[in-house]
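A look at the structure
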Amino acid sequence: DPKIIQKPKYLVAVTGSEKILICEQYLGHNAMYWYRQSAKKPLEFMFSYSYQKLMDNQTASSRFQPQSSKKNHLDLQITALKPDDSATYFCASSQDSAYEQYFGPGTRLTVL
Amino acid sequence: AQSVTQPDARVTVSEGASLQLRCKYSYSGTPYLFWYVQYPRQGLQLLLKYYSGDPVVQGVNGFEAEFIKSNSSFHLRKASVHWSDSAVYFCAVRLASSSFSKLVFGQGTSLSVVP
């Protein structure tokens, strides 16, 4: 069974719209992260959360807002979508006593 | 700022041959080092990690990596590659002093194993 679930797997959106990317982890971890992978840039860190609190934010734009309704959930809301937002978004998690991060399968977002 | 360089964007090797994928990092503190593999249309899977101690670490599927502090390198090796090893390999580093610090990734090396 998959330990980190990301939904949907593929997402197509129009410019200016808003989408929410879902991430749930069943590894019992208390830290969760979002990364983005695009054709132009390597994997880049966006956010980290621990016990549902924001720990680090490396995203310049306020259009990206993480939302943590439960300890094992970290969704990503993206507003006013632009074509440059097209990328694969990966959710990851880790246990605070360990340092390796485990990644989900990703959501591939295409903005037209 | 920390950075990771994987100088080879693409590597092609013959099945059964040995492999080395290069990784160099630039980091001001004590690094934790990782190799991840990404198969087509899949997420990243952890291959191996280095925190401290023996500079040669073993990973899954016969992969190993050696941490050379003097050279700021963490090259990935495998003695004999299989066609199923074809994938993109990412080297990553994080700050040792923080449990929740970000991973910084290299650009990735696309490995093709040919018959």
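Structural data are supplied above this passage.
The structure contained in this document is the topic of the report that follows. (Residues numbered from 1 in each chain as written. Chains lettered and ligands numbered in written order. Predicted model: local features only at pLDDT ≥ 70, side-chain atom pairs only at ≥ 80, totals over all residues. Heavy atoms only, no water.)

**Overview of the pattern of salt bridges**
What counts, and what does not: Take a side-chain nitrogen of Lys or Arg and a carboxyl oxygen of Asp or Glu: if they are within 4 Å of each other, that pair is a salt bridge. Note on conventions: DSSP H or I runs of at least 4 residues are helices, E runs of at least 2 residues are strands, and numbering of each starts at the N terminus. Only protein chains enter the calculation, and the probe is 1.4 Å; a residue is then buried if its accessible area is under 20% of its type maximum, exposed if over 50%, and partly exposed in between.
Evaluation of the coordinates by the stated rule reveals 9 salt bridges over all chains. Residue A:Asp84 is joined to A:Lys40 by a salt bridge in which the shortest nitrogen-to-oxygen separation is 3.7 Å. Of this pair, A:Asp84 sits in the loop between strand E8 (75-78) and strand E9 (87-94) while A:Lys40 sits in the loop between strand E4 (31-37) and strand E5 (44-50), and the two are 44 residues apart along the sequence. Accessibility classification places A:Asp84 together with A:Lys40 in one group, the exposed group. B:Asp85 is the partner of B:Lys78 in a salt bridge, and the nearest nitrogen-oxygen pair spans 2.8 Å. Side by side, B:Lys78 and B:Asp85 carry an identical accessibility label, which is buried.

**Brief notes about the pairing of strand E12 (residues 109-114) of chain B**
All names here are of chain B. Applicable threshold: We treat two strands as partners when DSSP finds at least two bridges between them.
Where strand E2 (residues 10-14) meets E12, 5 bridges bridge the pair, whose relative direction is parallel. Among the inter-strand pairings, Arg-10 is bridged to a residue of E12, identified as Ser-110. Here strand E10 (residues 87-95) runs beside E12; their pairing, made up of 3 bridges, is antiparallel. Within E12, the position partnered with Tyr-89 by the bridge is Thr-109.

**A short note on the packing of aromatic side chains**
Residues and elements named next belong to chain B. Applicable threshold: Each Phe, Tyr or Trp ring (for Trp, its six-membered ring) is paired with any other whose centre lies within 6.5 Å, and the angle between the two planes then decides the class: stacked below 30 degrees, edge-to-face above 60, tilted in between.
Inspection of the entire model under this criterion finds 17 aromatic pairs over all chains. Plain terms: the ring middles of Phe-90 and Phe-105 are 6.2 Å apart, the flat faces sit at 90° to each other, and that makes the pair edge-to-face. Placement of Phe-90 in strand E10 and of Phe-105 in strand E11 (residues 104-105) is noted, with a sequence separation of 15 residues between them. For Phe-105, a relative accessible area of 5% corresponds to the buried category.

**Some words on the state of the cysteines**
All names here are of chain A. Selection rule: Throughout, disulfides are identified as pairs of cysteine sulfur atoms within 2.5 Å of each other.
Taken as a whole, this structure holds 2 disulfides over all chains when the rule is applied. Two residues, Cys-23 and Cys-91, share a disulfide whose sulfurs are 1.9 Å apart. The S-S bond linking Cys-23 to Cys-91 shows a torsion near -70°; that makes this disulfide left-handed. One end of the pair, Cys-23, is in strand E3 (residues 19-25); the other, Cys-91, is in strand E9, with 68 residues separating them in the sequence.

**Observations concerning the interface of chain A and chain B**
Defined as follows: Contact criterion: two residues are considered in contact whenever any of their non-hydrogen atoms come within 4.5 Å of each other. When two parts are brought into contact, each loses some accessible area as probed by a 1.4 Å sphere; the total of that loss over both is the buried area. The definition of a polar contact used here is a pair of N or O atoms within 3.5 Å, where within protein one atom must be able to donate a hydrogen and the other to accept one, and adjacent residues in sequence count solely through side-chain atom pairs.
The interface of chain A with chain B comprises 22 residues on the first partner and 21 residues on the second. When the two sides are added together, the surface that chain A and chain B hide from each other amounts to roughly 1,900 Å², 60% of it contributed by carbon and sulfur. Ranking the residues of chain A by area buried against chain B places A:Leu43, A:Tyr99 and A:Phe103 at the top, with a combined share of 32%. Scanning the region where chain A abuts chain B turns up 1 salt bridge. B:Lys49 serves as the salt-bridge partner of A:Glu100, at 3.7 Å between the closest nitrogen and oxygen. Across the contact surface, chain A and chain B share 5 residue pairs in polar contact (both at pLDDT 80 or more).

Note that all results are geometric; they support no functional claim without further evidence.
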